[in-house]
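# Results of the structural survey
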Amino acid sequence: AQSVTQLDSQVPVFEEAPVELRCNYSSSVSVYLFWYVQYPNQGLQLLLKYLSGSTLVESINGFEAEFNKSQTSFHLRKPSVHISDTAEYFCAVSESAGKSTFGDGTTLTVKP
Amino acid sequence: EAGVAQSPRYKIIEKRQSVAFWCNPISGHATLYWYQQILGQGPKLLIQFQNNGVVDDSQLPKDRFSAERLKGVDSTLKIQPAKLEDSAVYLCASSLEQSEQYFGPGTRLTVT
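Predicted, not measured: the structure shown is a model, and the values here were computed from it.

## So, the pairing of strand S3 (residues 19–24) of chain B
All names here are of chain B. Residues of S3 alternate between two faces, with Val19, Phe21 and Cys23 buried on one and Ala20, Trp22 and Asn24 left unburied on the opposite face. Where strand S1 (residues 5–7) and S3 come together, 3 bridges link them in antiparallel fashion. Note that in S3 the partner of Ala5 across the bridge is Asn24. Here 5 bridges tie S3 to strand S8 (residues 75–79), and the two strands are oriented antiparallel to one another.

Printed below as a string of structure tokens:
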């Protein structure tokens, strides 16, 4: 069975500071990995995904995540955050057939 | 293209009452998912459809929850009778390829 652990439930940072949201997973087979973002009162939106190939994946708004198979991690990073990045971030893993297992989320709060 | 549509957005009912949620996926998406998201937790898969067939309903409490996707397009999730612990956001998602999911805005259910 697959599982996802998001190591920090809340991450407060100041604007323009770097941030890392940590995600570890467990699975016995090859996986697809995802980060979703949920802004207040909105649905989940895909931020970035790892399916195969390069282990470093990037989003259009400056986030990146690196798949580390040996450490079974998929941490999300951004070198300089904005107020508008305040949201809940969910890491998810999928083995096959589209079924995804989600972590419990990390609330990122960017302060001015 | 239009996104995943869900209705209603909010619902308040008393325990032991019944409730139904509706989802219309993105046009052409064969796979449809229903998730339950309890406050402070990540989404948990309730049921997955491929066209009008059930792929996975292992986490669906079948004594009170039911779901259908009769024509392989839109879907209905029903709870009867509702319990206090059913208070959550019910998310519908759809996918074309069995990896990346697109989520609707969710229905927030409060059971009193």
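That covers the picture; the talk isn't over yet.
## Concerning the side chain of B:Ser75
Residues and elements named next belong to chain B. Its place among the elements puts Ser75 in strand S8. Given a relative accessible area of 1%, Ser75 falls into the buried group. Separated by 2.9 Å, the side chain of Ser75 and the backbone oxygen of Glu68 make a polar contact. Contacts of Ser75, omitting those with residues within four sequence positions, involve Phe21, Trp22, Cys23, Leu32, Trp34, Phe49, Glu68 and Arg69.

## Considering the state of the cysteines
Put plainly, a disulfide is one covalent bond tying together the sulfur atoms of two cysteines. Residue and element names in this part refer to chain A. Across all of its chains, the model carries 2 disulfides over all chains by this definition. Each disulfide pairs two cysteine sulfurs, and for Cys23 the partner residue is Cys91, the sulfurs being separated by 2.0 Å. Note on the Cys23 and Cys91 pair: the S-S dihedral is about -70°, so by sign convention the disulfide is left-handed. Of the two residues, Cys23 sits in strand S4 (residues 23–26) while Cys91 sits in strand S10 (residues 87–94), which places them 68 residues apart along the sequence. Judged by its relative accessible area of 0%, Cys23 is buried.

## Topic: the sheet that holds strand S7 (residues 65–68) of chain B
Residues and elements named next belong to chain B. Strand order in this open sheet of 4 strands is S1-S3-S8-S7, and the pairing throughout is antiparallel. A strand with exactly one partner marks an edge of an open sheet, and here the two such strands are S1 and S7. Direction aside, the axes of adjacent strands within the sheet are offset by 15° on average.

## Section: the environment of B:Ala30
Following the sequence through the fold, B:Ala30 ends up in the loop between S3 and strand S4 (31–37). Residue contacts for B:Ala30: discarding those within four places in its chain leaves B:Phe49, B:Gln50, B:Asn51, B:Arg69 and B:Ser95.

## Some words on the nonpolar core
Among soluble globular proteins, nonpolar side chains are generally buried collectively. Residue and element names in this part refer to chain A. In this structure, Leu33, Trp35, Leu47, Leu48, Phe74, Leu76 and Tyr89 are the most contacted members of the largest nonpolar core, which totals 27 residues. For this core, the element with the highest residue contribution is S10, accounting for 4 residues. The contact partners of Leu33, leaving out residues within four places of it in the chain, are Tyr25, Leu48, Lys49, Tyr50, Phe67, Phe74, Ala92 and Val93.

## Concerning the environment of B:Gln6
All names here are of chain B. Mapped onto the fold, Gln6 is located in strand S1. Considered as a pair, Gln6 and Ile79 are 73 residues apart in the sequence and their alpha carbons are 16 Å apart. Those residues in contact with Gln6 that lie beyond four places of it in its chain are Trp22, Cys23, Trp34, Tyr90, Leu91, Cys92, Gly104, Pro105, Gly106 and Thr107. Here the side chain of Gln6 touches Cys92 through a polar contact of 3.0 Å, landing on its backbone nitrogen. Here Gly106 takes part through its backbone nitrogen, which lies 3.0 Å from a polar atom of the side chain of Gln6.

## Digging into unusual backbone geometry
Residues and elements named next belong to chain B. The residue after Ser7, namely Pro8, is reached through a cis peptide bond having omega -10°. Tracing the chain through its elements places Pro8 in the loop between S1 and strand S2 (10–13). In this structure, the amide linkage connecting Gln80 to the following residue, Pro81, adopts the cis form with an omega of -5°. Looking at the secondary structure, you find Pro81 in the loop between S8 and strand S9 (88–95). In the Ramachandran plot, Arg16 falls in the positive-phi region, its phi being about 80° despite a non-glycine side chain.

Rules behind the numbers
Residues numbered from 1 in each chain as written. Chains lettered and ligands numbered in written order. Predicted model: local features only at pLDDT ≥ 70, side-chain atom pairs only at ≥ 80, totals over all residues. Heavy atoms only, no water. Buried < 20%, exposed > 50% of the residue type's maximum accessible area, 1.4 Å probe, protein only. Helix = DSSP H or I, 4+ residues; strand = E, 2+ residues; numbered from the N terminus. Pairing = 2+ DSSP bridges. Polar contact = N/O pair within 3.5 Å; in protein donor to acceptor, adjacent residues only side chain to side chain. Contact = heavy atoms within 4.5 Å. Disulfide = S-S within 2.5 Å. Axes fitted to C-alpha atoms, helices over the stretch in contact; angles between N-to-C directions. Core = buried A, V, L, I, M, F, W, Y, C linked by side-chain atoms within 4.5 Å.

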